[in-house]
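# A closer look at the structure
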Amino acid sequence: MNFSHKIKQARLDQNLTQDWVAKQLHLSRKTISSWENARSYPDIASLVKLSNLYQISLDQLLKEDEAMIKHFQEQSNNHKRNAMIATICYYLNIGLLFFVIINQHWNVSPLLTDSLYLWIINLIILATFYDFGRLSTKLKHFTKSTSKRIQLMGIILLIMTIFLSLFPIGNVTPFLLGKLYGQTFFIVITALSISFAVFGSPQSSK
């Protein structure tokens, strides 16, 4: 019996509905149905929850299902690859952060522009491969209301910059507006880079 049949049979044996199981796992009924019809597989965290919910060992769930085992092997390999890329980008981010900040104040190298581009590209790669779910233990205070406030501030800033570009006030020239954009962008990128350096260490993602 393969994995999909096992979890479906386990649910039926306990007279549970897909809706109830979905609520216990904080997922949609469609996701549970997809697992039971072998259209997709759960991640490792969901697999453990299923094991506890149905009182079936992981060994029993995975036994004799080669497709399932192969899926988790691929998932594990992808996770290791992403973690390695994120770790490299994390340390590169710290180095570039210090270089850019020092160069901004003392102009020690003519390669500032190139390093800025590399810094931004590295942050994009880091954000792409980083497992943000693992930051939850360090950012428990970061609630939905806080996120909404930040989004609101960003919208207000965007509206203000658009307004100033369409209706210049006093001596606000396109040059000064462009400089303001550049400074704002640099502050945002710096804040993002520092956030990764402080909260996103490889040790915290183990």
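In the block above lies the structure referred to throughout.
Here's what I pulled together on the structure shown here. (Residues numbered from 1 in each chain as written. Predicted model: local features only at pLDDT ≥ 70, side-chain atom pairs only at ≥ 80, totals over all residues. Heavy atoms only, no water.)

The next subject is the overall build of the protein chain. Check the secondary structure of the protein chain and you find 9 helices and 0 strands. Ordering the α and β elements of the protein chain from the N terminus gives α-α-α-α-α-α-α-α-α. Residues counted as buried form 27% of the 206 residues belonging to the protein chain. A separation of at least 24 residues holds for 67% of the contacts in the protein chain among residues at least 6 apart in sequence. Surface exposure of the protein chain reaches about 14100 Å², of which carbon and sulfur atoms provide 65%. (Helix = DSSP H or I, 4+ residues; strand = E, 2+ residues; numbered from the N terminus. Buried < 20%, exposed > 50% of the residue type's maximum accessible area, 1.4 Å probe, protein only. Contact = heavy atoms within 4.5 Å. Areas by Shrake-Rupley, 256 points an atom, 1.4 Å probe, with all protein chains shown as cover.)

Another aspect to go through is helix H4 (residues 44–54). For H4, the full list of buried residues reads Ser 46, Leu 47, Leu 50, Ser 51 and Tyr 54. Along the axis of H4, the buried positions cluster into a sector of 145°, meaning they face one direction only. In the segment just after H4, Gln 55 is the residue with positive phi, at about 55°. (Arc of directions from axis to C-beta.)

Once that is clear, we can look at unusual backbone geometry. Here the phi dihedral of Asn 15 falls at roughly 55°; this positive angle occurs in a residue that is not glycine. For Asn 15, the location among the structural elements is in the loop between helix H1 (3–13) and helix H2 (18–25). Taking the relative accessible area as the measure of exposure, Asn 15 reaches 70% and is therefore exposed. Phi is positive for His 26, which is not a glycine, with a value near 60°.

Structural measurements only, silent on function.
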